[in-house]
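Observations on the three-dimensional arrangement
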Amino acid sequence: MVMKEVDTAKNKEKLEKLRLAAEQFCTRLGRYRMPFAWTAVHLANIVSSAGQPDRDSDSEGERRPAWTDRRRRGPQDRTSSGDDACSFSGFRPATLTVTNFFKQEAERLSDEDLFKFLADMRRPTSLLRRLRPVTAQLKIDISPAPENPHFCLSPELLHVKPYPDPRGRPTKEILEFPAREVYAPHTSYRSLLYVYPHNLNFGSRQGSVRNLTVRVQYMAGEDPSQALPVIFGKSSCSEFTREAFTPVVYHNKSPEFYEEFKLRLPACVTENHHLLFTFYHVSCQPRPGTALETPVGFTWIPLLQHGRLRTGPFCLPVSVDQPPPSYSVLTPDVALPGMRWVDGHKGVFSVELTAVSSVHPQDPHLDKFFTLVHVLEEGAFPFRLKDAVLSEGTVEQELRGSLAALRLASPEPLVAFSHHVLDKLVRLVVRPPVIGGQIVNLGRGAFEAMAHVVSLVHRSLEGAQDTRGHCPLLAAYVYYAFRLPGTEPSLPGGAAPVTVQPATLARGPGRPASLYLARSKSISSSNPDLAVAPGSVDDEVSRILASKGIDRSHSWVNAAYAPGGSKAVLRRAPPYCGADPRQAIDRSSSRTSSCLESSSSSPPTTQPRPTVQKLLHEELALQWVVSGSAVREAVLQHAWFFFQLMVKSMTLHLLLGQKLDTPRKLRFPGRFLDDIAALVGSVGLEVITRIHKDAELAERLNASLAFFLSDLLTLVDRGFVFSLVRAHYKQVATRLQSAPNPAVLLTLRMDFTRILCSHEHYVTLNLPCCPLSPPASPSPSVSSTTSQSSTFSSQAPDPKVVSMFELSGPFRQQHFLAGLLLTELALAVEPEAEGASLLHKKAICAVHSLLCSHDADPRYAEATVKARVAELYLPLLSLARDTLPRLHDFAEGPGQRSRLASMLDSDTEGEGDVGGTINPSVAMAIAGGPLAPGSRASISQGPVTAARSGYALSAESSRTLLVCVLWVLKNAEPALLQRWAADLTLPQLGRVLDLLYLCLAAFEYKGKKAFERINSLTFKKSLDMKARLEEAILGTIGARQEMVRRSRERSPFGNQENVRWRKSVTHWRQTSDRVDKTKDEMEHEALVDGNLATEASLVVLDTLEIIVQSLRAGFLACQTVMLSEARESILGAVLKVVLYSLGSAQSALFLQHGLATQRALVSKFPELLFEEDTELCADLCLRLLRHCGSRISAIRTHASASLYLLMRQNFEIGNNFARVKMQVTMSLSSLVGTTQNFSDEHLRRSLKTILTYAEEDVGLRDSTFAEQVQDLMFNLHMILTDTVKMKEHQEDPEMLIDLMYRIARGYQGSPDLRLTWLQNMAGKHAELGNHAEAAQCMVHAAALVAEYLALLEDSRHLPVGCVSFQNISSNVLEESAISDDILSPDEEGFCSGKHFTEMGLVGLLEQAAVYFTMGGLYEAVNEVYKTLIPILEAHRDYKKLAAVHGKLQEAFTKIMHQSSGWERVFGTYFRVGFYGARFGDLDEQEFVYKEPSITKLAEISHRLEEFYTERFGEDVVEIIKDSNPVDKTKLDPQKAYIQITYVEPHFDTYELKDRVTYFDRNYGLRTFLFCTPFTPDGRAHGELPEQHKRKTLLSTAHAFPYIKTRIRVCHREETVLTPVEVAIEDMQKKTRELAFATEQDPPDAKMLQMVLQGSVGPTVNQGPLEVAQVFLAEIPEDPKLFRHHNKLRLCFKDFCKKCEDALRKNKALIGPDQKEYHRELERNYSRLREALQPLLTQRLPQLLAPNTASLRNSLNRASFRKTDL
């Protein structure tokens, strides 16, 4: 209706009439509804456009559905980010405005019609235009729901806490009907019924039945007043109503319905409860005598049938008459007499019922089982079950059948009611029913049913299992819901009875992560019958209850290592780790739930019947042992559940029976313990036998058995449990001898041991403070609550030290679990162990996690207590010492780490090695019978065995093992360690020192940059993984197939990277698997790493002090010279470890202690440095000087004091400290040459401090000591001055090398220092990648040493001196400048370094060979080894000889494969001239630079220009582009000019005879050539007749390669070529190119054709033809040019011949496709030859005329005779 504004008066009247009419209709028909309009909103589009700012969709202009306007992307876009297509993570609140509404057509109300409309909306077509639009606007606010929304109403309209204000606007939870089955238990009381009327067919009904509506009522009886108010009301209506109506479809006899009615089912539904449907005709127009509603039909649905709730689709007949009395117990399908039915009693009304109930299982098998159990509990016989009547005689058979049929139940209801089913099964086992006065034993049937139910639940929830394969639902049942049927007695002291509260699945802080149950967003229990008041529980009982019976009265594991913590290692993680169940009860907020059967805390109201009470754990053990194969298989698959159920039952039995104070041996009867022993034996046997068939099951069984035994340690006699462990070990040991793959079994046993040792009273169980004599029982029965307090109170007698440090029989008997663990570790690191990598990791991680837990345990915080704990691990020291050869070498480079024990082994071969490796047979005996009396002898007392090359430990495992060793060393009693060190043999002590050395290397601080580098690598890896994941999601491969592929690849004991779950792996990867760590996290990691490095170093330092003290005591008792010398060698090894610690990156705290230790060591044993090898003295001086330059004043103070005392002691020994002088000078030279960030300012301060010490030293004031110190300080200052210059040129490698070269030249008279600087130069060259120059430095150093050795003695195998190295380089002769009068070999301090020996010479030569190899100069490698091999032959060093010959073979092979030389590219050479005063010393100097291979002129030009521009400033440096001579007068004096020219090596003709190979022509280069084209008028290039060329020859002072990369030009020679000579050179060059391309083998067709095209092809200018026409067309007038004319003519003849050869070769190489191209080349060649023919045939008459006889005779000589080849 449209109203115009001009007719305002009329409109008012119309509006008033309309309002009155509307009021009348609403008053009369307000309770009825009618379908009006509809629309649709595409939710996926709204979610996908979460980040878009505009969320309104106004589409009034277009009549399209809402989602066509909201489309943001198509399917092609979705594929690129399929993982976040419906992601709610970035979803923000949005307001949606919908304006597209369509009028509802009465005949198109079915679901099928709606689906058609929706399909049309996806692809807008003309079909939608037929729909009538309705103008309306709907605004919808859409926002993500918070985790805990306020004012929330559950689907039952109950308030969900928090609900702060009852007047607040509520938020309703909508119950979800998932498309797929959801396997989750009922966690709250819920009983809802949904009614869906579908359609009604009254087509055949007579009368006025057009406007039809259906009234729905829930009737508790047949009286109309018994309609219950259980129907949920609509919005703005009452909460519950007694009736509800469907919408009216106007004038339609067969209407479709779309309404949903939601009903709350009563807690108890009876046989009389039914749904009543009444059909009405509604009169729309008021007529006199006509009622508003006219009932036109009735039908009903009884809700219970045979005790089951009726749900599903129904097609019901409709009665015209009202139903008769007692109709509710029958269905409408029964034709009642005297009733009229619509359409002849056919089904005309379709309706569907859906129930969501935690009371009604809706599964026939479950219904029958629950019914039968209820009947037995109530004892109400006879009882009707469906059509049968059950009596006491038949109920047993039915019950057994029902138990067997439980396996047929549907998975979804079975999982939903799993807690109830298990409760009922437990009740049948514990309280067998009494039928007819007889006890019916259903234990076996109930046990089998329990096994099948557990299997079904496991199978249904396979995807939700935790890392150990445990089903969280079953774990929650054991932990929260399970309790023993029966009434709990009162506790002592009048406490209220304990109520074992069922699960509280609150979403609070105590909610376990493993208990993720779908649909756990349930709300408070709405069943008042289930309210339970928390009881008062004492602490110990509560802890036992909350932890399934594990005695946690002295909980010691900190948060990180607690079960479920971030670092838990294969430790059972129960769903709730809290200690107090009262907290769990209190935590049951309004979301707690339970529809479990209430505990029988109230006395029964009925007359008690006779019952038999059995114990669940005893029955479970018995039934398991006697079960058949099928049931046993099902139980074994999920053994963890039955083990945990037994443990919980045992715990509750002890608690409720008040037996916690009973002695352990009396807690359980012997028959039960026998069953347990039989059960453990059989399960252990299953583990062993199944390991090769089903490895995954064997792993799970093994872990479950270990956890079970660990729990038993808390509950039963420990001696009994240890006997079970021993029996299991014997089983495994027996099988090991015949197992094809023993590593698999060892790995399983390692897992078993680790779990067993994770017991919280592990330390107490090991009896740490009792004497080593074995007690009568391996574990005295002591209460765990009292034993802990007395553990460390008794003073242990002094045991035999050796037994404490070895895995001896007494040790393993006394410390049972520790002995098992360390024995497993010893077997795992045996050299013969197979599958070693995983074994190593498991065994070492087990020890490591235990030590971590001890360290964090507050019970062991005191140092004395921790020392007792450390005694349990003392054999670990011997184990690590013997494993040393297989530990990862953490030192950088092969030469860094020296095995200190190697030199000691050779000295004492005859002595017995008490700490040898473990004898395998003895180890097997240990594994088989840890308590066997025959195994008391020490396992290490075998003969000495050489270190066998076994499977090396990985870096990770080695590091972990070393951490464990350091923990024991730190916490063990120092006196004990000192006695142990004193008793060790010298080789063993050497290995211990090597172990400490390795500890320092393993934990050396790497700095923050190392963490950043690791982080970037991890990030790259994660990106790769993300790409693979995207491929799996979006690409061809499905995620499931990917998972199946991975699981097939995964071997339980093979490659660790494929292991899906393994705590020993995940424990170590938790920190590194994080991707892209923040800066704070990396800084924190670096801080932790630094603290660890300091702690490790300090522990090593303390241990070294202990060893030195034991040695010092031994020094006083030394009787023989040999022993004294051996101990001195040990002290040298100690000093090496100290020096290594001082040389690595350390904290200031450690360095102060380390330097103090060094001073004490040198003070006590000065002969170590001043009487023996000088290498230690040199190393010490270097370390001290480095710390003298530290930025931290405290470190400088300590280092200065150490260095001064070193000089003082050296002076006191011989009134001269020449050795220290020389070593300090050499060390400083080495330091400044190699260290980048060296601070000369701080070092000067330290030197000043030393000078002050010397001046103020009263004791040596009368000596020359102060003067000598002053001289030394002066020399050091001079070196530092050179250092400053070097720092200025740090960025200029050539200048830096020049300075180092100058300093080395300055030390020509001091061989030690020259050698040091040569090594510095070699290091710098290697750093810059100049390997050839680095090799030359080493050759010069070797020549220097050879000169010195030749002065000392004349040995035939040694080189004579520098002369012997001439074949390697002609430059080495400069090392022979030292004469006898300069060098006195006997003088103290001269040539005293380690390199001035034969072995030093060998080392230098080997290093030179390495550098030559890296530089590709393999021919020089041969020359080096020629000098080296005689020395090695003289020393009979066949190992090195073999290596040398192997390297020679490699070198010769490479030479052979790269014979042409093109594969090896040597240096490129450039002449560089510097002009300008700004260059200082370099002004007007010319150098030849050697650059890396294939360096272009532009590259070196840009490099030098950029460098000097940065140094001198912008617009100062200019590059001279040409190569002409520079006129300095024409240059700007304020600028710096650089002239760079490419030069090539030049050889005279006689030289080329010797320089045959490509290497010869690139080695030993002194002369270089470059050519400059010019014309008489000054241009560079011009016409052929005026084109001249200048050839410039440069000679250098030394031959390349040299110890520098640039050498000064010492001689220059220039030659100018005339134009004809230039032409001759050009033609000769072209001819050579043709010849090379023709003769190349294998032939290269492309190269040949390129050269041919350039030779015979028509060229624009200056081609061969033009050259001939210019120079050969006319006879030159000048007779001097005759010879050039003739030579050019001969060159052209040769050129033509080579062209012809090349064409012939090309014809043989080409294919059919190139024949035309070849013919073109031939035509070009013919034209060229024809043009050249007249020019080449003319002769010079002057040359042919017989001028003199001599000329004629010489021409007739045979040597000049022309011959055809």
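Keep in mind that what you see is a predicted model, and the values were worked out from it rather than measured.

1. Digging into the packing of aromatic side chains
- Tallied over the full model, the rule gives 47 aromatic pairs.
- Note on W300 and Y327: the rings are 5.0 Å apart at their centroids and 75 degrees apart in plane angle, and the pair reads as edge-to-face. Residue W300 is found in strand 14 (residues 293–302), and its partner Y327 is found in the loop between strand 17 (312–317) and strand 18 (347–357); the two are separated by 27 residues along the sequence.
- On the basis of relative accessible area, W300 is assigned to the buried category, the value being 0%.
- Ring centres of F1211 and F1265 lie 5.0 Å apart, and the angle between their planes is 50 degrees; this geometry places the pair in the tilted category.

2. Quick notes on the sheet that holds strand 8 (residues 212–219)
- With antiparallel pairing, the four strands of this open sheet are ordered in space as 11-8-13-14. Each edge of the open sheet carries a strand with a single partner, namely strand 11 (243–245) and strand 14. Going from strand to strand, the sheet's axes swing by 20 degrees on average, the running direction of each strand aside.
- As paired elements, strand 13 (residues 274–282) and strand 14 share nine bridges and run antiparallel to each other. Directly across from L275, in strand 14, lies its bridge partner I301.

3. Quick notes on the pairing of strand 8
- Most of strand 8 is tucked away, with eight of its eight residues classed as buried.
- Neither face of strand 8 is open: one carries L212, V214, V216 and Y218, the other T213, R215, Q217 and M219, and all of them are buried.
- Where strand 8 lies against strand 13, eight bridges are found, and the strand directions are antiparallel. Looking across to strand 13, one finds that Y218 is bridged to L275.
- When strand 8 meets strand 11, the two strands line up antiparallel, connected through three bridges. Bridging across to strand 11, V216 finds its partner in A244.

4. Quick notes on helix 10 (residues 443–460)
- Its 18 residues place the ends of helix 10 25 Å apart at the C-alpha level, agreeing with the 26 Å of an ideal helix rising 1.5 Å per residue.
- A large share of helix 10 lies buried, amounting to 14 of its 18 residues.

5. Digging into the environment of D1522
- Relative to the helices and strands, D1522 is located in the loop between strand 25 (1517–1520) and strand 26 (1536–1545).
- When the C-alpha atoms of D1522 and I1540 are compared, they prove to be 8.3 Å apart, with 18 residues separating the residues in sequence.
- Only 3.3 Å separates the side chain of D1522 from the backbone nitrogen of N1524, close enough to count as a polar contact.

6. Focus: the side chain of T1541
- Relative to the assigned elements, T1541 resides in strand 26.
- Residue class for T1541 comes out buried when judged on its relative accessible area of 5%.
- Each residue touching T1541, except ones within four places of it in the same chain, is listed here: Y1469, F1470, R1471, S1523 and F1570.

7. Quick look at the sheet that holds strand 1 (residues 37–38)
- Taken together, the three strands give an open sheet; going across it, the order is 1-2-3, and neighbouring strands pair in antiparallel fashion. Looking at which strands have only one partner, the edges of the open sheet turn out to be strand 1 and strand 3 (133–142).
- Judged from the two bridges that link them, strand 1 and strand 2 (residues 94–103) form a sheet pairing that is antiparallel. Directly across from A37, in strand 2, lies its bridge partner K103.

Here is what the cut-offs are and how they apply
- Residues numbered from 1 in each chain as written.
- Predicted model: local features only at pLDDT ≥ 70, side-chain atom pairs only at ≥ 80, totals over all residues.
- Heavy atoms only, no water.
- Phe/Tyr/Trp six-rings, centres within 6.5 Å; stacked < 30°, edge-to-face > 60°.
- Helix = DSSP H or I, 4+ residues; strand = E, 2+ residues; numbered from the N terminus.
- Buried < 20%, exposed > 50% of the residue type's maximum accessible area, 1.4 Å probe, protein only.
- Pairing = 2+ DSSP bridges.
- Axes fitted to C-alpha atoms, helices over the stretch in contact; angles between N-to-C directions.
- Expected span 1.5 Å × (residues − 1).
- Polar contact = N/O pair within 3.5 Å; in protein donor to acceptor, adjacent residues only side chain to side chain.
- Contact = heavy atoms within 4.5 Å.

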